[in-house]
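Chain by chain, the residues:
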Amino acid sequence: MLVSTSYATKMQYQSKHKADPTKITDIFDGTHYHSLQEMFITIGAEELPTWCFSDPCNIALGLSADGFGPFKHRTKTAWPIILFNYNLPPKEHFLKQNIISIGVVPGPKKPCDFNSFLWPLVQELLWLEIGVSAFDVITKDIFFLHAYLIIVFGDIPAISMMMCIKGHNAISPCCMCTIKGVHIPSLQVMTHYVPLCRNGFPDSQEQYNPCAFPLRNHTSFMEQAMEVQYAPTNVDYEGLATKYGIKGLPLLSTLSSLSFPVSFPYNFMHLIWTNLIPNQNQPPHPSPRCHKITSRNIPPFG
Ligand SMILES: [Zn+2]
């Protein structure tokens, strides 16, 4: 992209972006990006003598993965792994021609070890944190290119895989907070349910205030992930994994530009738009409420 004059010019958007503290217009107005600007890069235990986004040519990347069914009427799934270049202007971030396609996990089922498929990408991202030499077509000069992965998004199963957490059916189901699931007393099934008010649930009398969830933070998440990863026995492992809802150390935690769980939001598409906007090949939904929303007036993955 940097050897193309048009791309290189568009990618200056990030360095020219002026933050207005009263508005959020882009990822560069977010607190995570601002905290990275004051943070030295660490690779393993070594702190590098440079901090994130210290140079206007530094690139911010986003990673997304999701399962999709390539064949109609079949349950087989494949899992694309794609990167977005946030240095491009917001209107162009998600255009098909600007998506950096990393690869596709072929399926036919959900990958049982997603980290193994992410490994070649993470190796390259570590190189990009350290810096690689590149040619800048605008200055006609060789420079040291740094790129940082600052956000990872997808639906709940995809996020669970990339964060190495147990996911929405676990006793500790949430990647953002430590809320606990309970069984519905009248049912014999083992499905967990996460009500805020626990009256009538013999397993738990705790109440959760929706304005003050017990949020996870990066330090506690990593400490718990380490505890699970290095559990001395299988019994200890199972107990800790159930308690924390974490399956082990996520490979992506080797990148110092990611913070758990802040860098792993559920994407807007799945939170809001799924089942509201008609798919391209389907007839419009009969509900008049849905007619007002079309795929044309919303940004993809907004
Ligand atoms: Zn939560």
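What counts, and at which threshold
Residues numbered from 1 in each chain as written. Predicted model: local features only at pLDDT ≥ 70, side-chain atom pairs only at ≥ 80, totals over all residues. Heavy atoms only, no water. Helix = DSSP H or I, 4+ residues; strand = E, 2+ residues; numbered from the N terminus. Rg over C-alpha atoms; globule rule 2.2 N^0.38 Å. Buried < 20%, exposed > 50% of the residue type's maximum accessible area, 1.4 Å probe, protein only. Contact = heavy atoms within 4.5 Å. Pairing = 2+ DSSP bridges. Axes fitted to C-alpha atoms, helices over the stretch in contact; angles between N-to-C directions. Core = buried A, V, L, I, M, F, W, Y, C linked by side-chain atoms within 4.5 Å. Domains from an automatic or database assignment. Donors = N, O, S within 2.8 Å, 3.2 Å for Na, K, Ca; no water. Expected span 1.5 Å × (residues − 1). Bend = angle between axes of the 7 residues up to and from the residue. Phe/Tyr/Trp six-rings, centres within 6.5 Å; stacked < 30°, edge-to-face > 60°. Lys NZ or Arg CZ within 6 Å of the ring centre and 35° of its normal.

**Q** Could you give me a rundown of the overall build of the protein, with the residues and numbers involved?
**A** Helix and strand content of the protein: nine helices and ten strands. Against the 2.2 N^0.38 benchmark of 19 Å for 302 residues, the protein shows a C-alpha radius of gyration of 21 Å, consistent with a compact globule. Over its C-alpha atoms, taken along the principal directions, the protein stretches across nearly 70 × 55 × 45 Å. Sorting the 302 residues of the protein into buried and exposed places 41% on the buried side. For the protein, restricting intrachain contacts to residue pairs at least 6 apart in sequence, the fraction spanning at least 24 positions comes to 55%.

**Q** Explain the pairing of strand S6 (residues 132-136) to me, and be specific about the residues and the numbers.
**A** Pairing of S6 with strand S7 (residues 141-145), which is carried by five bridges, proceeds in the antiparallel orientation. By the bridge assignment for S7, Phe135 is matched with Ile142. Hairpin connection from S6 to S7: four residues lie between these consecutive antiparallel strands, with Lys140 at a positive phi of about 55°.

**Q** Please give an account of the sheet that holds strand S8 (residues 147-153) that cites residues and values.
**A** Pairing is mixed across the open sheet formed by four strands, whose spatial order is S5-S4-S3-S8. Strands with a single pairing partner mark the edges of an open sheet, and in this sheet they are strand S5 (100-105) and S8. In this sheet, adjacent strand axes meet at a mean angle of 20° when their direction is disregarded. Its contacts with the sheet place helix H4 (residues 114-130) against strand S3 (59-65), strand S4 (79-85), S5 and S8, and it is angled at close to 20° to S4. Packing of helix H5 (residues 156-163) onto the sheet brings it into contact with S3, S4 and S8, and relative to S8 it is tilted by some 135°.

**Q** Lay out the side chain of Gln224 in plain terms, naming residues and giving numbers.
**A** Mapping Gln224 onto the fold places it in helix H6 (residues 218-229). The residues contacting Gln224, other than those within four sequence positions of it, are Arg216, Tyr244 and Ile246.

**Q** Which residues make up the nonpolar core, and what are the values?
**A** Grouped together as the largest cluster of nonpolar side chains are 49 residues, with contacts concentrated most on Leu63, Phe114, Leu118, Leu149, Met162 and Leu252. Among the elements that take part in this core, H4 stands out by supplying seven residues, more than any other. Two domains each provide a minimum of three residues to this core, namely domain 1 (5-164 + 250-294) and domain 2 (166-217 + 234-248). Residues within four places of Leu149 in sequence aside, it is in contact with Leu61, Gly62, Leu63, Leu83, Leu125, Leu252, Leu255, Ser257 and Leu258. Judged by nonpolar contacts, the second largest core, of 17 residues, contains Cys52, Phe53, Phe84 and Phe153.

**Q** Which residues make up the coordination of the zinc ion, and what are the values?
**A** At this site the zinc ion is bound by Cys174 (SG) and Cys177 (SG), with donor distances of 2.2 Å. Residue class for Cys177 comes out buried when judged on its relative accessible area of 5%.

**Q** Give a detailed account of the environment of His146, specifying residues and quantitative values.
**A** Among the secondary structure elements, His146 is positioned in the loop between S7 and S8. Through-space distance from the C-alpha of His146 to that of Cys52 is 8.3 Å; in sequence the pair is 94 residues apart.

**Q** Help me get a handle on H4, residues and values and all.
**A** Helical periodicity: at 3.6 residues per turn, an α-helix aligns residues three or four positions apart in one direction. Look at H4: 24 Å from first C-alpha to last across 17 residues, which is about the 24 Å you get at 1.5 Å a residue. Its maximal kink placed at Pro120, H4 deviates by approximately 40°. With its phi angle positive at about 115°, Gly131 sits one or two positions after the end of H4.

**Q** Quick one: what's the story with the pairing of S4, residue by residue and with numbers?
**A** Where a strand is regular, its side chains alternate between the two sheet faces. In terms of residue burial, S4 counts as a mostly covered element, since six of its seven residues are buried. One ladder, built from five bridges, connects S3 with S4; its direction is antiparallel. Residue pairing for S4: Leu63 is matched across the bridge by Leu83. Bridge analysis of S4 against S5 gives five bridges, and the strand direction is antiparallel. Along S5, the bridge assignment pairs Ile81 with Gly103.

**Q** Quick rundown of the packing of aromatic side chains? Include the residues and the values.
**A** The tally for this structure, following the rule as stated, stands at ten aromatic pairs. Relative to Phe28, the ring of Tyr13 lies with its centre 6.3 Å away and its plane at 50°, an arrangement referred to as tilted. Of this pair, Tyr13 sits in helix H2 (residues 13-16) while Phe28 sits in the loop between H2 and helix H3 (31-36); the two residues are 15 residues apart in sequence, bridging distant segments of the chain. Taking the relative accessible area as the measure of exposure, Tyr13 reaches 18% and is therefore buried. An aromatic cluster is built from Tyr13, Phe28, Tyr33, Phe53 and Tyr148, whose rings are joined through pairwise contacts. Across from the ring centre of Tyr7, 5.7 Å away, lies the NZ or CZ of Lys10, which sits over that ring.

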